[in-house]
Amino acid sequence: MTDQNPVFIPGPTNIPDRLLNAMHMQTRDHRAPDFVDTFAPVLRDCKRVFGTESGEVIIFPASGTGGWEASITNTLSPGDKVLIGRYGMFSHRWIDMCQRHGLDVQIVECAWGSGAPADKFAEVLLADSNQEIKAVLATHNETATGVKSDIKAVRDALDSAHHPAMLFVDCVSSLASMPFEMDRWGVDIAVSGSQKGFMLSTGMAILGVSQKALAAMEAAQLPRTFFDFRDMMAANASGGFPYTPPLQLIYGLRESLDMLFEEGLDNVYARHYRLAEGVRQAVRAWGLKLCATSPELYSDTVSAIYVPEGFDSNELTAHAFNKYGISFGIGLGEMNGKAFRIGHLGSLTDVMALSGLAAAEMAMADLNYPIELGSGVRAAQNYYRSTATKIAIDHQGGVS
Ligand SMILES: *Cc1c(COP(=O)(O)O)cnc(C)c1O
């Protein structure tokens, strides 16, 4: 195995040298004034990435899963009704978490490969005349299937039913890679993490929280201590933390925000679209199919690709790792054995994406897949050549 090969898993993502360097630091006193000077602007600048001016940003030492837990325990009470669609492994896990917290979970079962069922949500919300549903939960980017959902459509479903339920969105694998508009879409809690679009190591759950969600906090009866928004916000108000903060990660996040803003968020989104489109052209040239059932659902951060009938995607991912030292995402849940995933988010260039496509082709050819060696790479090359603009590379791996 060599660290020279990028990973093509959809998180954790490749960490640019600039961020590794930013996190490589000695212990500092988190109660000293210079921590306060660093942390408050980090929280403020994260708001820009979430697309919120009116909301707050709250960071816990956790992975994204901890962010899910914080979202429900701070706003809901046992027995509260929530509405959620199941269309992949991540929405499935959030459902499981809600059930284990004693919530009354109304599930809309959807085909894996489809997105948040806004039309069905609209029907259910309209029929909920006593307004018992307290929150609607949606996964913006279903990492298991490579499906991006239309969150604005879910907001419209709530509005058209004049329903006051809160809207919680998992944007762990979309934030800082694909457009996200917390205020415009009326999202009450947006859950993300450090190890995907932010290009850092795992260890921070990063949440955007609306004033409406904060107002629900006092009445919420689900138990929480470590993840209590109230303790965190009270400490943050004076620039501090209620317990020991993950200092190196917070300094890394400072640098990550600087990188994102230097490139420009719109350019970050355009780069992800372009990288993803090259991968999709390759998949088409191979004659393979994406799990996402229609183009408006295509994710720009991960492509889940069905292997042909009679092949085992786990064999493919294991072979690619064992022979070429390269990691692709395995098929999760219902997709296990049937699909593999190419993660194309975070710190990635055309050249890196092409290396992943070339390696995938070698592994498929070794296993006698009915693909033509070079066909996907050629399709992606043509797309990247025709859409490339001249870029200036700074020597830290950023693009300006
Ligand atoms: C990665 C991811 C998570 C969080 O997983 P953790 O392993 O807890 O960080 C949640 N939702 C989605 C859609 C993800 O891609």
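Residues numbered from 1 in each chain as written. Predicted model: local features only at pLDDT ≥ 70, side-chain atom pairs only at ≥ 80, totals over all residues. Heavy atoms only, no water.

(A) Representation of helix 9 (residues 247-263) in the model. When the terminal C-alpha atoms of helix 9 are compared, their 25 Å separation across 17 residues agrees well with the 24 Å that a helix rising 1.5 Å per residue should span. Extensive coverage of helix 9 is indicated by the burial of 13 of its 17 residues. Among the residues trailing helix 9, glycine 264 stands out with phi positive, at a value near 95 degrees. (Helix = DSSP H or I, 4+ residues; strand = E, 2+ residues; numbered from the N terminus. Expected span 1.5 Å × (residues − 1). Buried < 20%, exposed > 50% of the residue type's maximum accessible area, 1.4 Å probe, protein only.)

(B) The pattern of salt bridges, seen in detail. Following the criterion strictly, the structure yields 20 salt bridges and no others. For aspartate 366, the salt bridge is made with lysine 323, and the minimal N-O distance between the two is 3.1 Å. Here lysine 323 lies in helix 11 (residues 313-324) and aspartate 366 lies in helix 12 (residues 350-366), a separation of 43 residues in the sequence. What makes lysine 323 partly exposed here is its relative accessible area of 48%. Three or more residues are tied together by salt bridges with common partners; here these are Arg44, Asp45, Arg254 and Asp258. (Salt bridge = Lys/Arg side-chain N within 4 Å of Asp/Glu carboxyl O.)

(C) Summary view of helix 10 (residues 265-286). With 22 residues, helix 10 should cover 32 Å at 1.5 Å per step; its first-to-last C-alpha distance of 32 Å lies within 8% of that length. Of the residues trailing helix 10, glycine 287 is marked for its positive phi of about 80 degrees.

(D) Representation of the site of the ligand in the model. Inspection of the region around the ligand gives 13 residues, with Ser63, Thr65, Thr143, Asp170 and Lys196 positioned closest. In the environment of the ligand, a nitrogen atom lies 2.6 Å from a nitrogen or oxygen atom belonging to the side chain of aspartate 170. In the complex, 87% of the free accessible area of the ligand, which totals 380 Å², lies under the protein chains. Among the elements that make up the shell around the ligand, the one with the highest residue count is helix 3 (residues 64-73) (three residues). Classifying every residue of the shell around the ligand by side-chain character gives three nonpolar, eight polar and two charged. (Near = heavy atom within 4 Å. Polar contact = N/O pair within 3.5 Å; in protein donor to acceptor, adjacent residues only side chain to side chain. Areas by Shrake-Rupley, 256 points an atom, 1.4 Å probe, with all protein chains shown as cover. Nonpolar A, V, L, I, M, F, W, Y, C, P; charged D, E, K, R; others polar.)

(E) Molecular detail of the nonpolar core. With 102 residues, the main nonpolar core has Val136, Phe198, Phe229 and Leu253 as its most contacted residues. Here this core takes nine residues from helix 9, the largest share from any one element. Counting only domains with at least three residues in this core, you end up with domain 1 (17-261) and domain 2 (264-387). In this view, phenylalanine 229 contacts Ile58, Phe60, Ala70, Asn74, Ile189, Leu207, Val209, Leu214 and Met217; residues no more than four positions away in its chain are not counted. In terms of nonpolar packing, the next biggest core, distinct from the first, is built from 34 residues, Phe8, Val147, Leu297 and Ala353 among them. (Core = buried A, V, L, I, M, F, W, Y, C linked by side-chain atoms within 4.5 Å. Domains from an automatic or database assignment. Contact = heavy atoms within 4.5 Å.)

(F) The arrangement of the domain arrangement of the chain in detail. One can read the domain layout of the chain as domain 1 (17-261) and domain 2 (264-387). Centre-to-centre separation of domain 1 and domain 2, based on C-alpha positions: 28 Å. Facing 26 residues of domain 1, the contacting portion of domain 2 comprises 24 residues. Interface of domain 1 and domain 2: buried area, both sides summed, is about 2,100 Å²; carbon and sulfur atoms make up 63% of it. The interface formed by domain 1 and domain 2 includes zero salt bridges. (Buried area = accessible area lost by both parts, 1.4 Å probe.)

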